[in-house]
Amino acid sequence: MIELDDIDRALLRALSQDATQSAGALGRDVGLSQPATWRRIKRLTDNGIIAGRRLDLDREALGFGVAVFLGIKLATKGRVGLEDFERAVSAIPEVQTVEHVLGMYDYRLRVVARDIADFERVLRRRIMTLPGVGDVEANVLLSEERRMGPI
């Protein structure tokens, strides 16, 4: 792990807010030249601090007005059951995230749908028919606030 100074942390905060900013714009915000900023970003990337950049899409603008978190407990245990389940659930386009968790459930999924009827269709026809699915608990997302983690 590399040591991060205040400028590195400022760059990471700025990039986490808007990863499309140029090195020149970032440098102006933190008091560095464009080349010095670019070198710092490259060092942070090369050392695995910046693992990638992603595009956040507005699911509602794309017609997916419902997001649901599912807790899934597998009825069958064992390594083969986990791998089969992960492979099958990852192939469902409405499933945005698949998290293997410790606790009451084995998996936590984030599923998007056009509306509640569409979610019911995805749940009944795609998720409940997956290999090994046992108990399922659904929590409909009402609102979301994203906060940046500690830097």
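The structure presented is a predicted model; accordingly, all values stated were derived computationally and were not measured. Here, residues in each chain are numbered from 1, in the same order as that chain's written sequence. In keeping with the predicted nature of the model, local features appear solely for residues at pLDDT of at least 70, side-chain atom pairs appear and are counted solely at 80 or more, and the whole-chain, interface and lining totals rest on all residues. Heavy atoms throughout the structure, all of them, feed into the side-chain values; hydrogens and water do not.

Student: Help me understand the packing of helix 1 (residues 6–17) against helix 3 (residues 34–46), please; the structure alone is not making it clear to me.
Tutor: To characterise two packed helices, one gives the angle between the axes of the helices and the distance between these axes. Following both chains from N to C, one finds helix 1 and helix 3 inclined at 80°, their axes separated by 11 Å at the closest point. Overall, the two elements helix 1 and helix 3 adopt an arrangement that is roughly perpendicular. In this structure, helix 1 contributes I7, D8, L11, L12 and L15 to the contact, and helix 3 contributes T37, R40, I41, R43 and L44. Residue composition of the contact of helix 1 with helix 3, by class: six nonpolar, one polar and three charged. For helices, the fitted line uses only the C-alpha atoms of the stretch in contact; every axis is such a line through C-alpha atoms, and the angle between N-to-C directions lies from 0 to 180 degrees. Secondary structure elements follow DSSP: runs of H or I no shorter than four residues count as helices, runs of E no shorter than two count as strands, and numbering proceeds from the N terminus. We call two directions roughly parallel when the angle between them is under 35 degrees, roughly antiparallel when it is over 145, roughly perpendicular when it lies between 65 and 115, and oblique otherwise. By definition in these notes, contact holds between two residues if any of their heavy atoms fall within 4.5 Å. Gly is placed with the polar residues, together with every amino acid not listed as nonpolar (Ala, Val, Leu, Ile, Met, Phe, Trp, Tyr, Cys and Pro) or charged (Asp, Glu, Lys and Arg).

Student: Sorry, what's going on with the sheet that holds strand 3 (residues 107–113) here?
Tutor: Working definition: the strands of a sheet are paired by backbone hydrogen bonds and lie parallel or antiparallel to each other. A pair of strands is labelled paired if DSSP reports no fewer than 2 bridges between them. Strand order in the open sheet formed by four strands is 2-3-1-4, with antiparallel pairing between adjacent strands. For this open sheet the edge positions go to strand 2 (95–100) and strand 4 (133–140), each flanked by a neighbour on one side alone. Across the sheet, the mean angle from the axis of one strand to that of its neighbour is 20°, orientation sign disregarded. For strand 1 (residues 66–74) and strand 4, the ladder comprises six bridges, and the chain directions are antiparallel. Within strand 4, the position partnered with F69 by the bridge is N139. Strands strand 1, strand 2, strand 3 and strand 4 of the sheet are contacted by helix 5 (residues 116–127), whose axis makes an angle of about 25° with strand 1.

Student: Would you mind going over the nonpolar core with me for this structure?
Tutor: Within soluble globular proteins, side chains that are nonpolar generally end up buried alongside one another. Side-chain atoms within 4.5 Å link the members of a nonpolar core, which is a set of buried Ala, Val, Leu, Ile, Met, Phe, Trp, Tyr and Cys residues. Partly exposed describes any residue whose relative accessible area lies between the buried limit of under 20% and the exposed limit of over 50%, with all areas from a 1.4 Å probe on protein chains only and scaled to the type maximum. Counting residues in each nonpolar core, the largest one holds 20 residues, and the members touching the most others are L70, I72, F85, V111 and I127. Elements with a minimum of two residues in this core: strand 1, helix 4 (79–90), strand 3 and helix 5. Broken down by element, this core gets its largest block of residues, five residues, from strand 1. Each residue touching L70, except ones within four places of it in the same chain, is listed here: Y107, R108, L109, V111, F119, L123, I127, V136, E137 and A138.

Fair warning: the whole summary comes from geometry, so function is off the table for now.
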